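# Structural overview
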Amino acid sequence: TEARVPARRAEARVPGEFFQDAKDRDETLILLLTDLCRSKKRAPDPREVAATVDNLYGEHLAANPILVTSLLTRCGKERGGSNLAMAMLAGLEEAKVNLNSIHFSAAATACKQDGAWEKALQICRMMVDASKEPYIRVHNAAIFACEKVGQWERAVDVLEACLQVGPKPDHVTFTATIIACAQASAWSMALQVFDRTPTETLELEKSPLNAALAACDKNGQWAKARELLFSLPARRIVPEATTYNTAISACARGGQYAAAVAMFADMRESHLDPDRFTFGTLMSACEKAGNWQQAIVLLHEAGSSGLELGMIELGAAVSACEKGNQWKYALHLLREMDDSRLNADAIVTSAVTVACARSKKWEHALAMYARLSTEFPDPRGIPLGSVIVACSSGASGSTESWKMAVALLDNELERWQRSERGVQNDVIQPPPFFITFDAKEMQVEMILYPGLLVVLKPANLPTDFMIEYLQVHLRRYKIANDITRASRLDTDTTGVVCIALGDSRSSAANFLISQFSGRLVTKKYMALSSGTFGPVGSKFRCTASMKTITSPDGMPRSVIVPIGEGAITIFEVVGNFLRRDRPRGPPAAPPPPDTPPPPPPSSRPPPPPSSGPPPPSSPPPPPPPPASLLETIGRRLSLVSMQPITGRTHQLRVHLAALGRPVVRDNWYGSEFLSEDSSFCPRLFLHCSQVILRDKLKKVVRVNAGLSEDLQRVVQRITNIKQ
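Rules behind the numbers
- Residues numbered from 1 in each chain as written.
- Predicted model: local features only at pLDDT ≥ 70, side-chain atom pairs only at ≥ 80, totals over all residues.
- Heavy atoms only, no water.
- Helix = DSSP H or I, 4+ residues; strand = E, 2+ residues; numbered from the N terminus.
- Contact = heavy atoms within 4.5 Å.
- Areas by Shrake-Rupley, 256 points an atom, 1.4 Å probe, with all protein chains shown as cover.
- Expected span 1.5 Å × (residues − 1).
- Buried < 20%, exposed > 50% of the residue type's maximum accessible area, 1.4 Å probe, protein only.
- Polar contact = N/O pair within 3.5 Å; in protein donor to acceptor, adjacent residues only side chain to side chain.
- 1 Å grid on protein atoms, 1.4 Å probe; cavity = no way out; pocket = protein on both sides within 12 Å on 5 of 7 lines; lining within 4 Å.
- Points joined across faces, edges and corners; volume = space filled by probe spheres on them.
- Nonpolar A, V, L, I, M, F, W, Y, C, P; charged D, E, K, R; others polar.
- Phe/Tyr/Trp six-rings, centres within 6.5 Å; stacked < 30°, edge-to-face > 60°.
- Arc of directions from axis to C-beta.
- Axes fitted to C-alpha atoms, helices over the stretch in contact; angles between N-to-C directions.
- Parallel < 35°, antiparallel > 145°, perpendicular 65-115°, else oblique.
- Left-handed = near helix turned anticlockwise from the far one by under 90°.
- pLDDT = per-residue confidence, 0-100.
- Salt bridge = Lys/Arg side-chain N within 4 Å of Asp/Glu carboxyl O.
- Pairing = 2+ DSSP bridges.

## Focus: the overall build of the protein chain
Summing up its helical and strand segments, the protein chain has 29 helices and 14 strands in all. Within the protein chain, contacts between residues at least 6 apart in sequence are counted, and of these 68% link residues at least 24 apart. Counting only carbon and sulfur atoms, one obtains 52% of the accessible surface of the protein chain, whose full area is about 35500 Å².

## Details of helix α10 (residues 171–183)
If you check α10, its first and last C-alpha atoms are 18 Å apart, about what 13 residues at 1.5 Å a residue would give, namely 18 Å. Within the sequence span of α10, burial applies to Thr 173, Phe 174, Thr 175, Ala 176, Thr 177, Ile 178, Ala 180, Cys 181 and Ala 182. Buried positions along α10 lie against α8 (136–148), α9 (152–165), α11 (187–195) and α13 (207–218). Where α10 begins, the side chain of Asp 170 points an oxygen toward the backbone nitrogen of Val 172, at a separation of 3.2 Å. Positive phi appears at Ser 185, one or two residues downstream of α10, with a value of about 65°.

## A short note on the side chain of Ser 350
Secondary-structure assignment places Ser 350 in helix α21 (residues 346–358). From its side chain, Ser 350 meets the backbone oxygen of Ala 346 in a polar contact 2.7 Å long. If sequence neighbours within four positions are ignored, Ser 350 has contacts with Leu 372 and Pro 383.

## Thoughts on empty space enclosed by the protein
Applying the stated criterion across every chain, the model contains one cavity of 30 Å³ or more. Reported here for the largest cavity is a volume of approximately 40 Å³. Lining the largest cavity, in full, are Gly 451, Leu 452, Ala 508, Phe 511, Leu 512, Gln 515, Leu 693, Arg 694, Asp 695 and Lys 696. When residues of the lining of the largest cavity are traced back to their parent elements, those giving at least two are α26 (507–517) and β12 (686–694). When residues in the lining of the largest cavity are grouped by element, the largest group, four residues, is from α26. Within the lining of the largest cavity, the residues separate by chemical class into five nonpolar, two polar and three charged.

## So, unusual backbone geometry
The residue Asn 460 is not glycine, and still its phi comes out positive at about 60°. For Asn 460, the location among the structural elements is in the loop between β3 (452–457) and α25 (463–476). You can call Asn 460 partly exposed: its relative accessible area is 33%. Unusually for a residue other than glycine, Lys 698 sits at a positive phi of about 65°. Residue placement: Lys 698 occurs in the loop between β12 and β13 (700–704). Assessed through its relative accessible area of 30%, Lys 698 is described here as partly exposed.

## Describing the packing of aromatic side chains
One pass over the full model with this rule turns up five aromatic pairs. Here Trp 292 and Tyr 329 contribute two aromatic rings whose centre-to-centre distance is 5.1 Å and whose plane-to-plane angle is 45°, an arrangement assigned as tilted. You can see Trp 292 sitting in helix α18 (residues 292–304) and its partner Tyr 329 sitting in helix α20 (residues 327–339), a full 37 residues away along the chain. Ring geometry for Phe 540 against Phe 571: centres 5.2 Å apart, planes inclined by 15°, an arrangement best described as stacked.

## Focus on the environment of His 139
With respect to the secondary-structure elements, His 139 resides in helix α8. Beyond its immediate sequence surroundings of up to four residues, His 139 is in contact with Cys 124, Met 127, Val 158, Cys 162, Gly 166 and Pro 167.

## What to know about α9
For α9, with 14 residues, the first-to-last C-alpha span of 20 Å sits near the 20 Å given by 1.5 Å per residue. Within the span of α9, buried status applies to Ala 155, Val 156, Val 158, Leu 159 and Cys 162. Projected down its long axis, α9 shows its buried positions confined to an angular sector of 155°, all on one face. Facing away from the buried side of α9 by more than 90 degrees, the exposed set consists of Gln 164 and Val 165.

## A closer look at the side chain of Thr 197
Topologically, Thr 197 is positioned in the loop between α11 and α12 (199–204). Thr 197 sits in the buried class, given a relative accessible area of 2%. Looking at Thr 197, its side chain comes within polar contact range of the main-chain oxygen of Val 193, at 3.2 Å. Sequence-distant contacts of Thr 197, defined by excluding residues within four places in its chain, comprise Phe 174, Leu 202, Pro 208 and Arg 235.

## Here we look at the packing of α10 against α11
The interhelical angle for the contact between α10 and α11, taken along N-to-C directions, is 165°, at an axis separation of 7 Å. Relative to α11, α10 is oriented roughly antiparallel. Between α10 and α11 the crossing geometry is left-handed. Contacts from Phe 174, Thr 177, Ile 178, Cys 181 and Ala 182 of α10 reach α11 at Trp 187, Met 189, Ala 190, Val 193 and Phe 194. Each residue belonging to the contact of α10 with α11 can be placed in one class, and the counts come to nine nonpolar, one polar and no charged.

## Focus: the packing of α8 against α10
Two numbers describe how α8 lies on α10: the axes approach to 9 Å, and their chain directions differ by 10°. As far as their axial angle goes, α10 and α8 are roughly parallel. In this structure, α8 uses Ile 136, Asn 140, Ile 143, Phe 144 and Glu 147 to contact α10, whose residues at the interface are Val 172, Thr 173, Ala 176, Thr 177, Ile 179, Ala 180 and Gln 183. Here the contact of α8 with α10 is composed, by residue class, of seven nonpolar, four polar and one charged.

## Digging into the confidence of the model for the protein chain
When the pLDDT values of the protein chain are averaged, the result is 78; 76% of them are 70 or greater. Note that pLDDT drops below 50 for residues 1–20; the model gives that stretch 26 contacts with residues more than four away or on any other chain. Within the model, the stretch residues 627–632 combines pLDDT values under 50 with nine contacts to residues more than four positions away or in other chains.

## So, the pattern of salt bridges
Enumeration according to the criterion identifies 15 salt bridges in this entry. In this structure, Glu 301 engages Arg 268 in a salt bridge whose closest nitrogen and oxygen atoms are separated by 2.5 Å. Taken together, the residues Glu 301 in helix α18 and Arg 268 in helix α16 (residues 257–269) connect sequence positions 33 residues apart. By relative accessible area, which is 22% here, Glu 301 ends up partly exposed. By relative accessible area, which is 34% here, Arg 268 ends up partly exposed. Through salt bridges with shared partners, a single network forms among Arg 488, Asp 490, Arg 653 and Asp 666.

## Section: the pairing of β12
With eight of its nine residues buried, β12 lies for the most part within the structure. Bridge count between strand β5 (residues 494–501) and β12: two bridges; the pairing is parallel. Paired with Thr 494 across the two strands is His 687, which belongs to β12. Strand direction decides the pairing type here: strand β6 (residues 522–530) and β12, joined by six bridges, are antiparallel. If you follow Met 526 over to β12, its bridge partner there is His 687. Relative to β13, β12 runs antiparallel, the two being bridged by five bridges. Opposite Val 691, over in β13, you have Val 703 as the bridge partner. Where β12 folds back onto β13 in an antiparallel hairpin, the turn is made up of five residues, including Lys 698, whose phi is positive at roughly 65°.

Have a look at this one:
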């Protein structure tokens, strides 16, 4: 382009008849404008632009407003179109070309494409200064330009100006402003903008309503979406199918299965036909609620309605069956896809693989993983880990099935490594670096193994934030270009975090994730809990099933349920302690020292009464010995070592709380002693103390991490009971 500009400049001095057609002349103008904008540090002189336009078009341009619109529109299709449009607009004004509102709209649209919101607002002011009739499309383009770069406050300002001085906003104005607020997570302002939308506008066009519901959906405000939907009859607004779909999606995203089903029933009563999106969203809600039966019913209902189902709908049904451990239904749906020549993607095939693995059908799981690795060259580590778990427990835990699982993992590692250049074989311990978070500087120590990075995470530092800093640090010192985490610790938890040296598709990441999901990684934690479990060295386990829900504040929480995901934790008492410096005032009553802890909750129902001897079971932890009079004036605490066999959300904290012995300073699951705990413990007393796994050379890596300094000081403040 730059090589052609000098020749075009020579042609620009030739009369317009020199050009073969109008398209050739328009292209020349764009090239010349591009050259002017590039060669000037500031915007080009309007007089120079006007001279260029006059040399090319003469008086023909002033007499043809449609040509002016075409040229401004053409500017918006070029790279840096906002600069070209502004230069063109200024040059046309200098050339005394009579500009109208449509011309300003074309220039503002060019700014919208670039997200040049300041230039778009400048065009709005230019139109007012030129005393042209206000044109709402110019303001709409300015709002869209603000939305593109997250300037939602400016978008609201433009809408406010339209409401006060004109031009009268239309449905696009309100919709664009709501979208701008939603993109910036300002959902509350988005709903306020919707409330100001006139009813007559909503009667003609539902886009502002759907945009407001989408804002609730995007920001996890399912209750607001339901409230908005149910308020429509009072405003004499008739919802359409898209309106219901968006509200159902908001409830499904928030895990509110019952609310989504109620909206679906109301949609049917309104004589609106659900589409593929409706059924797919509802089946996703069924998946999150663990209601695989309803997902199958919805799938058959969608098929009987004549809808041609796609991968999204069938995939949602397969995922629901996977979560419900219904491997037969998952396999049946996959075969139906094969019969209908609908190629299952990697997500669906992985879900079927995991469904077979969770049901301990290791033969089917191995066959499905073989299909997965054949059809998709880069399967992830989670399906492989599930297959390993199935093999290790399949065939009554036979040695043959376990060998098959380990051989499969090793073979996959070799296959993943073939396409990579090599493996770092040395163990390196770089110097620690510092991260500043929340105005505090924290030291982070790390050790590098082949394909593996082990980090000792400090307290009050989110894992994801730490990984972002680590990535920059490792790239700066040319240690690794990308890293992938396979596990995480809560913000208040300290200890060992394992990270793969490579992106999410690398052999290191897949190998590490496979070990975690295959339960081949041994992790141990240390926690200080309220109450006692027995003498030092006592061991017991908790097998209470759990379910993860979304709390009103949008954060995940786990609860004990009779039917949920299996969770196993092994406990060992490391030390028994007494805290005597209790605060003054009426303290909360601690557990009686002579009372044994309640037995671990179980997801199994109690056995029926029998006249014979009770069936053998794991004995509960022995009760602690009677406490002396001196000890009764204090609060008893236990330092326990915990080994999670499974990896559910907040599993250790929930299991300890279910046993009546919550972790000290647990703000979510141990509220009984919070005020007292804060007087001697600065944070949640939970620490990952040991991790055992393998690196990419298949060598065992054992990492131990003692208690952090703040937790060591807590242990020093309490009295050790020698028992």
